[in-house]
Each structure stands twice: as C-alpha cells, then as structure tokens.
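Listed here are the chains, written in short residue letters.
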Amino acid sequence: MNYRRHIVEALTLVAAAALCATVANGLASRERKLSLAASVGVVSPRKELTAAPRSTSSTAAEVPASSDSMNPAVSSTPTSSSSQSGIPATVSDVPPAPGPKPSASSPAATPSPTTPSTTSPVIPAGSENAKVRFPPHKDVAYVEIDGPQAEWLYKKGVLFLDARRTSVYEAGHIPGALPFSVWESDIDQKTEALYGEGRDGEAPVVAYCSGGDCEDSHMLAQKLWGLFFNNVLVYKGGFPEWTGRGNPSKSGPQP
C-alpha cells in the first residue's frame, strides 16, 4: 500500500509544477512568450528569406528551420512584405551578372559536320570553273543542287555517281554515271577505290538517286565525305527529274 501512496504523491507534485509553469508564462512579457515559441520551432517564414549572416558572438539560442525552408518555392521567392521591412534581398533578387559581349573580331561558329546543308551553293556569275562556281565545303558532308545546276556540271564533265541499286541503274541512268549502290556489299570497296585513284578531293562530285524521299545519294555523300571528298553535291531531283527535263539517259550495265 505504501508504493501506491508514493505514486499519488509524485503525480500530485507533477501536476502542481505544471500549474505553476502555466501561471508564470501567463504573467510573462510578450517578448518572453515569443522567445519560448521560437525555442520549439515556431518561426516566421520571412526569416528564411533573409541573406543576413549569422553572428558567431550571439548568445541567443539558434532557431531551428521551419518546414517552409524545405520548400524551394518558399525559400527562394521573396515576398513584397520583406522588401518593405528592410530585410536583405535573397540570391534570387540579385540579377545575374551579364556575360561578356561577343567581339566583332570573334570567329564565326562553324556548322557541325553531322548537319549537312540543304542549301544550293552561291554560284558566281560568269565563272566557267566548276570548283570556283561550286567551292568545297569541308564542314558538311554534302550540298544539294537543283536541275539546272546538275545540267551545268554535267556539261563540264563532272563525275556523276548513281547511288541506286544495280538493277535500277541498268534500267536507266545518266550517261557516264558510275554505279555506286549504297545497298550492295561492294560499296566500301568502290568508294575506297575511287579515293585511291588520287582524285582531287575538292573537285565537285555529283551523287543522285531516285529523287523525292530517296536518301541513297545522301548516304553515299556521307561515305565519300568520310574519305575526304569535300565537295560532294547531291542532285535532289535525281534521275526522274533529269529525264523529265529532257536530258539523255542510258540503259545497261555500262556507264
């Protein structure tokens, strides 16, 4: 029975202590109440927006960060009331430092070798030299040309390569064009042999296929560009446009 009496006395003392603390807090000043509140983690979200450094000599208890400090939307976005109360600006308030202005003497950016141009070259008027009218383009695999340009190059004796299958080539091709089908197993041997002939890598070479959505000539141009042929011109209209313009054609396996 004695231990029950001790328990009742202990509970009575705890209740009395809690009552005294409540009465003392009620009689305390407003500043003291706020300090007590801060000690349990109740803090204004606006404090989390300040950029003022902490003082190492301060004797006040450190205030734990509120739940708002874990939210980037709250901690990085200042409110209008903070600017009115003189609170220092956050990092997000400070505009980024302007980068250096480009110099007029800076070299122009060169196009990526993997992004071929689809624009026909600018042809100087009056020039009869194929390399002058169609200058090399080392930074791109090919440049597309149209029908009149293909006809002009053909008359100048520029090399034409037919990228279609052999069976299609034999059914009809541009006279003098060599069969260079990108879908057949000997394409690598043909391109390497062409390179081994010691041809001028900056002289124009015209690749064509069936026009429209046909990409065989573009694929052939990529292979030739990898072998340092820096002036491959893709005849976009291809063989259908060639014959449609009334130009000659030839059938059979011979160029």
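The following paragraphs examine the structure supplied in this document. These figures come from a predicted structure and were not determined experimentally.

What follows covers helix α9 (residues 216-226). Listed in full, the buried residues belonging to α9 are Asp216, Ser217, His218, Leu220, Ala221 and Leu224. As for α9, its buried residues are in contact with β1 (143-145), β2 (159-162), α8 (187-196), β4 (205-208) and β5 (232-235). Positive phi shows up at Phe228, right after α9, with a value of about 70°.

If you look at the biggest cluster of nonpolar residues, it comprises 19 residues, and the most contacted ones within it are Leu161, Phe180, Leu194, Leu220, Leu224, Phe229 and Val232. Elements that contribute at least two residues to this core include exactly β2, α8, β4, α9 and β5. Here this core gets 3 residues from one element, more than from any other, and that element is α9. Beyond its immediate stretch of four places on either side in the chain, Leu224 contacts Leu161, Thr191, Leu194, Phe229 and Val232. Val143, Leu153, Val158 and Tyr235 belong to the second-largest nonpolar core, a separate cluster that totals 18 residues.

With that settled, the discussion passes to the side chain of Arg164. On the secondary structure map, Arg164 appears in the loop between β2 and α7 (166-171). Classification of Arg164 by relative accessible area gives buried; the value is 6%. A distance of 2.8 Å separates the side chain of Arg164 from the side chain of Asp162, its partner in a polar contact. Those residues in contact with Arg164 that sit more than four places away from it in its chain are Tyr169, Gly172, His173, Ser181, Tyr208, Cys209, Ser210, Asp216 and Phe239.

Of all the positions in helix α6 (residues 147-155), only Gly147, Gln149, Ala150, Glu151, Trp152 and Leu153 are classed as buried. For α6, the elements touching its buried residues are α5 (130-133), β1, β2, β4, β5 and α10 (238-244). Among the residues trailing α6, Gly157 stands out with phi positive, at a value near 80°.

With that settled, the discussion passes to the pattern of salt bridges. Under the counting rule described, the total for this entry stands at 8 salt bridges. Residue Glu202 is joined to Lys138 by a salt bridge in which the shortest nitrogen-to-oxygen separation is 3.6 Å. One end of the pair, Glu202, is in the loop between α8 and β4; the other, Lys138, is in the loop between α5 and β1, and 64 residues separate them in sequence. Using a relative accessible area of 28% as the deciding quantity, one classes Glu202 as partly exposed. Overall, the relative accessible area of 51% leaves Lys138 in the exposed class. Across the pair Arg199 and Glu197 runs a salt bridge whose closest N-O atoms are separated by 2.9 Å.

For the rest of this paragraph, the subject is the pairing of β2. Side chains Leu159 and Leu161 project from β2 onto one buried face, and the interleaved Phe160 and Asp162 project onto a second face that is buried too. Pairing analysis gives 4 bridges linking β2 to β4, with the strands arranged parallel. Note that in β4 the partner of Phe160 across the bridge is Val206. In this sheet, strand β3 (residues 178-179) lies alongside β2 in parallel orientation, the contact comprising 2 bridges. Each residue of the ladder has a partner; that of Leu161, found in β3, is Leu178. With respect to chirality, the unit in which β2 leads through α7 into the neighbouring parallel β3 is right-handed.

On to the sheet that holds β3. In spatial order, the strands read β1-β5-β4-β2-β3; together these 5 strands make up an open sheet with parallel pairing. Each edge of the sheet is formed by a strand with only one pairing partner; in this case those strands are β1 and β3. Taken together, the 3 bridges between β1 and β5 define a ladder with parallel strand orientation. Each residue of the ladder has a partner; that of Glu144, found in β5, is Val234. With respect to the sheet, α9 is in contact with β1, β2, β4 and β5, its orientation differing from that of β5 by roughly 175°.

Calculation notes
Residues numbered from 1 in each chain as written. Predicted model: local features only at pLDDT ≥ 70, side-chain atom pairs only at ≥ 80, totals over all residues. Heavy atoms only, no water. Buried < 20%, exposed > 50% of the residue type's maximum accessible area, 1.4 Å probe, protein only. Helix = DSSP H or I, 4+ residues; strand = E, 2+ residues; numbered from the N terminus. Contact = heavy atoms within 4.5 Å. Core = buried A, V, L, I, M, F, W, Y, C linked by side-chain atoms within 4.5 Å. Polar contact = N/O pair within 3.5 Å; in protein donor to acceptor, adjacent residues only side chain to side chain. Salt bridge = Lys/Arg side-chain N within 4 Å of Asp/Glu carboxyl O. Pairing = 2+ DSSP bridges. Right-handed = clockwise from strand over helix to strand, strands pointing away. Axes fitted to C-alpha atoms, helices over the stretch in contact; angles between N-to-C directions.

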